[in-house]
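One letter stands for each residue in the lines below.
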Amino acid sequence: MMIKHRSVAVALVLLQLLAVVQGQPFPNYHANFVDLEEQAAELKWWQTGAFYQIYPRSFKDSNGDGVGDLNGISERLSYLKELGITATWLSPIFTSPMADFGYDIANFTEIASIFGTMADFENLMKVAKQLNIKIILDFVPNHSSDECEWFKRSAAGDPEFKDFYVWHPGRMVNDTRHPPSNWISVFRGSAWQWHEGRQEYYLHQFVKKQPDLNYRNPKVREAMNNVLRFWLAKGVSGFRIDAVPHVFEMAPDSQNQYRDEPRNDWDNDPEDYGYLQHIYTVDQPETIDLVYSWRAVLDEFQRKNGGEERILMAETYSPIDIVMQYYGNATAEGAQLPFNFLLISELTNSSNAGEYASTVKKWLQHMPKGRTANWVLGNHDKPRVGSRLGSDRIDMLNILIATLPGASVTYQGEELGMTDVWISWKDTVDPSACNTNPSIYEQFSRDPERTPFQWSDATDAGFSNASKTWLPIGEDYRQINVNLEETQPLSHLNVYKQLWKLRKQAKTMQRGDTDVKALSGAVLGVKRYLKNDVTFVTVLNIYDGVETVNLQQSFSDLPAQLQVVLVTERSKVKVGDLINSTSVQLQPKDSLVLQSTSSYFAYATNGEIRHLPVLGIYLWLAQVALYLTTR
């Protein structure tokens, strides 16, 4: 009888070992060492990063002048830590006459006094390091301010700076001098400005106080390389490159003449930027190589100084085939993250699930192998997502970008559900709008998305204690602010925090494959899956009807039941609920994140979640019990 019991015990031991071999590895056990050999390379810090854009004028005012500043950012940087942010990109903080609110730089290596001092910046870097939040600076290469010393010396004919900018004597027609070409500024009117001192025109693709630098001059390239090196030495982790497609324009011909750009038939306003097809002033072939050269500066700095990889994030609204070239090629590395603006430029209030899916897949299908995707939902130049796509879709869009692969960029306030603020003509300060008139300014103004951050329901939304802020505060600040939303379990803010907590804990979200599908005209589905790990499915109901979808019809290898891991205030189900994968019901504008129920017991070791097969544990316990009965 004892032999029979022992035979059963041996059989159970063998079954237990088989279960372990088939299950996910756990500490000190690797079946045939396969998982060690196939272990993926460590992800770089930015590859699944949560990036957050701070518009410094509007983030936090520390000195009561109505304008945000560096010390205000330092005081509130812990808020970003609570959100789960990896790095923050700061819009320009450099010395500037503020004709374009910092994008007209007079000194590229000096802090604007309105934002603070270099000591304040160094303190910010210290605080950021303590919080393990990386700082990304805005790099504005296309132009400087006309108050920059370089431009003053160039206008004066100084031989060292004479060709730092794009100058031209103009065209003579019937003894009358005209601009060199018909090129139009992004901010309306001619892109050429006459300079009385030099007696020539200079090019400005933006406002006239922003003269374009001449990158055909090697001295300009080296001067801007030195700007990068200066801030790298201060400890920044990279740069967002502003207005990259504009950096080069077509060179003049053999007669030193510039070509006129052809007209667009759909625009009848000769002062408007859309009046011309910009075939000579944007997306010139030299631009891509220039970005590669900036990446080389960053890589060289890392080789000499060590530390983690420094990155470039490139702003470009170019056609996607051109955008993809910014990543690099077979012989040169480019920007790690050329900004993906497709969610901004292609989605509208009327977009259906199929169009959402096509927009997401467009980037993934064009992206070169081995590169990292990114998803930008908003910025200081575009209407806020709640105003653009609906305040009832704010959670939905935040969930989408957090559960897609790669990095994401959040513009300050989008995590709260801030929306655009109406600004009167009297209060308008954006040069893009001020260059127009009271009847049309609203279609050009970027002020509505730049209003001060809403911290609380106190005076000035807790942003400032000034009698007047640089832009008006949103009237809804008592209902939409950090302090209030922290107390509401399913506020936009808390949903955002839960999202990034999930993202950082789940290896599938960081490394998994992606399948994006329209499950119906109204419902978008995103499946994230990884071998030997949990599968996640995100479902988003874009429209106002109640929708029921069968996930197994669209996605393979799903279990019969899925567990709810994230909901919004629109959801009827709760976190922890089990729902049938063949019948998932969504409320209007509802969003859910679901996961497969695991057949593993999870436990932690060295801060990492590990899984032990349930079957293995049961068999082991049975074997122990049987052994004890034979003693």
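What comes next concerns the included structure. Model, not experiment: these values are computed from the prediction.

The phi dihedral of Asp460 falls on the positive side, at around 55°, and the residue is not glycine. Here Asp460 shows up in the loop between helix H13 (431-434) and helix H14 (482-486). What makes Asp460 buried here is its relative accessible area of 14%. Residue Asn532 is not a glycine yet carries a positive backbone phi of 60°. Mapped onto the elements, Asn532 comes out in the loop between strand S17 (523-529) and strand S18 (536-541).

Once that is clear, we can look at the pairing of strand S5 (residues 134-139). With 6 of its 6 residues buried, S5 lies for the most part within the structure. Judged by which residues are buried, S5 turns out to be covered on both faces: Lys134, Ile136 and Asp138 on one side and Ile135, Leu137 and Phe139 on the other are all buried. In this structure, strand S2 (residues 87-90) lies alongside S5, joined through 4 bridges in parallel fashion. Looking at the pairing, Trp89 lines up with Ile136 of S5. Summarising the sheet, S5 and strand S11 (residues 238-241) pair through 4 bridges and their orientation is parallel.

Interaxial distance between helix H12 (residues 394-403) and helix H15 (residues 492-505) falls to 10 Å at its minimum, and their mutual angle equals 15°. As the angle between them shows, H12 and H15 are arranged roughly parallel. Remark: the crossing between H12 and H15 carries right-handed chirality. On the side of H12, the interface is formed by Ile394, Asp395, Asn398, Ile399, Ile401, Ala402 and Thr403, while H15 contributes His492, Val495, Tyr496, Leu499, Trp500 and Arg503. The residue makeup of the contact of H12 with H15, split by class, is 8 nonpolar, 3 polar and 2 charged.

With that out of the way, let us pick up the sheet that holds strand S9 (residues 192-195). In spatial order, the strands read S6-S10-S9; together these 3 strands make up an open sheet with antiparallel pairing. A single partner strand is all that each edge strand has here, and the edge strands are strand S6 (167-168) and S9. When S9 meets strand S10 (residues 200-203), the two strands line up antiparallel, connected through 4 bridges. Each residue of the ladder has a partner; that of Trp192, found in S10, is Leu203.

To continue, consider helix H6 (residues 218-233). In a regular helix each residue adds 1.5 Å, so 16 residues correspond to 22 Å; H6 covers 23 Å between its end C-alpha atoms and thus fits that length. Here H6 starts with a cap whose side-chain oxygen sits 2.9 Å from the backbone nitrogen of Lys219, and that cap is Asn217. Residue Gly235 follows H6 closely and has a positive phi angle near 105°.

Turning our attention to helix H3 (residues 70-83). In this model, H3 (14 residues) spans 20 Å end to end at C-alpha, consistent with the 20 Å of a helix rising 1.5 Å per residue. In the structure, H3 departs most strongly from a straight axis at Arg76, where the bend amounts to approximately 45°. Those residues of H3 that sit buried are Leu70, Gly72, Ile73, Ser74, Leu77, Tyr79, Leu80 and Leu83. Contacts made by the buried residues of H3 are with strand S1 (50-54), S2, strand S4 (107-111), helix H4 (118-131), H14 and H15.

Positionally, Lys527 belongs in strand S17. Notably, Lys527 is buried but unbridged: the nearest opposite-charge side chain belongs to Asp557, and the N-O separation is 4.9 Å. Setting aside chain neighbours within four positions, we find Lys527 in contact with Asp513, Thr514, Asp515, Thr535, Phe536, Val537, Phe555, Ser556, Asp557 and Leu558.

What counts as what
- Residues numbered from 1 in each chain as written.
- Predicted model: local features only at pLDDT ≥ 70, side-chain atom pairs only at ≥ 80, totals over all residues.
- Heavy atoms only, no water.
- Helix = DSSP H or I, 4+ residues; strand = E, 2+ residues; numbered from the N terminus.
- Buried < 20%, exposed > 50% of the residue type's maximum accessible area, 1.4 Å probe, protein only.
- Pairing = 2+ DSSP bridges.
- Axes fitted to C-alpha atoms, helices over the stretch in contact; angles between N-to-C directions.
- Parallel < 35°, antiparallel > 145°, perpendicular 65-115°, else oblique.
- Left-handed = near helix turned anticlockwise from the far one by under 90°.
- Contact = heavy atoms within 4.5 Å.
- Nonpolar A, V, L, I, M, F, W, Y, C, P; charged D, E, K, R; others polar.
- Expected span 1.5 Å × (residues − 1).
- Polar contact = N/O pair within 3.5 Å; in protein donor to acceptor, adjacent residues only side chain to side chain.
- Bend = angle between axes of the 7 residues up to and from the residue.
- Lys, Arg positive; Asp, Glu negative; His and termini not counted.
- Salt bridge = Lys/Arg side-chain N within 4 Å of Asp/Glu carboxyl O.

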